[in-house]
Amino acid sequence: MPFRFLAVRRSTLLALTLAVAGIGVAQAQQRVVRIVVPYGTGAVQDTIARAIGDELGQALNASIVVENRAGAGGTVGTSQVARAAPDGNTLVLAAASHHIAGYLYKNLSYDPYKDFTGVAYLGNTGYIILASASLNVKNPAEFIQAIKAKPGAYDYASAGNGSASHLGMASFLAATGAQMQHIPMKSTGDAVTELLAGRVQAVTAATIGVTAYRQDPRVTFLAYTGKTRSRFAPDLPTVAESGLPGYAFDSWLGLLAPAGLPSAERDKINAAVNKVLADPKVQARLASLGVETGAKSPEQFQQLLKADWEAAGKLVAASGARVE
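What counts as what
Residues numbered from 1 in each chain as written. Predicted model: local features only at pLDDT ≥ 70, side-chain atom pairs only at ≥ 80, totals over all residues. Heavy atoms only, no water. Helix = DSSP H or I, 4+ residues; strand = E, 2+ residues; numbered from the N terminus. Buried < 20%, exposed > 50% of the residue type's maximum accessible area, 1.4 Å probe, protein only. Contact = heavy atoms within 4.5 Å. Areas by Shrake-Rupley, 256 points an atom, 1.4 Å probe, with all protein chains shown as cover. Lys, Arg positive; Asp, Glu negative; His and termini not counted. Charge placed at Lys NZ, Arg CZ, Asp CG, Glu CD. Salt bridge = Lys/Arg side-chain N within 4 Å of Asp/Glu carboxyl O. Arc of directions from axis to C-beta. Polar contact = N/O pair within 3.5 Å; in protein donor to acceptor, adjacent residues only side chain to side chain. Core = buried A, V, L, I, M, F, W, Y, C linked by side-chain atoms within 4.5 Å. Expected span 1.5 Å × (residues − 1). Bend = angle between axes of the 7 residues up to and from the residue.

A. Quick peek at the overall build of the protein chain. Assigned secondary structure in the protein chain consists of 11 helices and 10 strands. Principal-axis analysis of the C-alpha atoms gives the protein chain an extent of 100 × 40 × 35 Å. Sorting the 324 residues of the protein chain into buried and exposed places 51% on the buried side. Considering only contacts within the protein chain whose residues lie at least 6 apart along the sequence, 79% involve residues at least 24 apart. Of the roughly 14800 Å² of accessible surface on the protein chain, a fraction of 54% belongs to carbon and sulfur atoms. Separation of charge centres in the protein chain, based on 29 positive and 23 negative side chains, amounts to 5 Å.

Rendered as structure tokens:
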């Protein structure tokens, strides 16, 4: 009896050991997908990546890790993705600034268009021009009048050299003939902080990053940069409505992978993202952040990227923006 009891105990222990080992192996083999955000916390891409991370992980049966790799207008983190293996496990959450950087930086280590594969379109977001309440202006016309009265005396902050918020304000100023000094920060959050503190007089930021300050007495919301009014701020006129006909500036948002990603893997991630975007909870979450969600096939997204790459060059040239 003692011998049989010992044998049972040993077999039970062996079974438990194997079961635990099996669990450990399964956990170790779970796929890990990194979404690189080339800006700091609080930036548009960062907020969106974290808003969809859990659901996307479930759809892909993977662990989603969001990594902030800020620096040089988003080019530091983006360059890391360009060099990564094209296996679908490393993505960058990009926006209009992705292509803009290709025309602002002359010595990039990567080609923003050729070195990436469009995987999944997430949506679109517009921008809002905000002014410091200290300027005592109520609309774009009064803002430009105040700036022109003291050329070069005022500053604006952005999420960094080459960021969409940088080019958005630069193109607006170029279209009006006004001049301001550019103060690049590491993120949208940092740029807004400078505005709230009164250290700069203006910021152009994505709707997602500034809606919380709509009632803040330290800032004035001047206009929305999209082609039509935003459904998230319907009472705010567009720049075009405010005396600059034809002006429009907005940004796509999407996931890109290194060039060479197999089409099967691309399609798998695209399907997972579209499934997530169809979730009413995710739609509501992104809507609260100012994102107009949408779903596109990989081919449709790639066509958008091609058109945007060409348009970015014209936009940078027209704005006269340069990286300091």
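B. Representation of the pattern of salt bridges in the model. Within the structure shown, the criterion is met by 14 salt bridges. Salt-bridge contacts for Arg 266 lead to Glu 299; the nearest nitrogen and oxygen are separated by 3.3 Å. You can see Arg 266 sitting in helix α9 (residues 263-277) and its partner Glu 299 sitting in helix α11 (residues 298-319), a full 33 residues away along the chain. What makes Arg 266 buried here is its relative accessible area of 17%. Note on Glu 299: relative accessible area 44%, which makes it partly exposed. By sharing partners, the salt bridges in this structure join Arg 34, Glu 67 and Arg 69 into a single network.

C. Seen up close, helix α5 (residues 140-149). Looking only at α5, the buried set comprises Pro 140, Phe 143, Ile 144, Ala 146 and Ile 147. One side of α5 carries all its buried residues, which in axial view fall inside an arc of 160 degrees. Exposed side chains of α5 directed beyond 90 degrees from the buried face belong to Gln 145 and Ala 149. Structurally, the start of α5 carries an N-cap: the backbone nitrogen of Ala 141 is 3.2 Å from a side-chain oxygen of Asn 139.

D. Structural detail: the nonpolar core. In terms of nonpolar packing, the biggest core is built from 68 residues, with Ile 48, Leu 56, Phe 143, Phe 172 and Leu 286 touching the most fellow members. Of the residues forming this core, the biggest block, seven residues, is contributed by helix α2 (residues 44-60). Core analysis: the next-biggest nonpolar cluster, separate from the first, contains 16 residues, Leu 196, Val 203, Val 219 and Ala 233 among them.

E. Geometry of α2. Taking 1.5 Å as the rise per residue, α2 with 17 residues should run 24 Å; its terminal C-alpha atoms sit 23 Å apart, in good agreement. Helix geometry: α2 is bent most strongly at Gly 53, by close to 50 degrees. Within α2, 12 of the 17 residues are buried, leaving the element largely enclosed by the surrounding structure. Along α2, the positions that sit buried rather than exposed are Val 44, Gln 45, Asp 46, Ile 48, Ala 49, Ala 51, Ile 52, Gly 53, Glu 55, Leu 56, Gly 57 and Leu 60.

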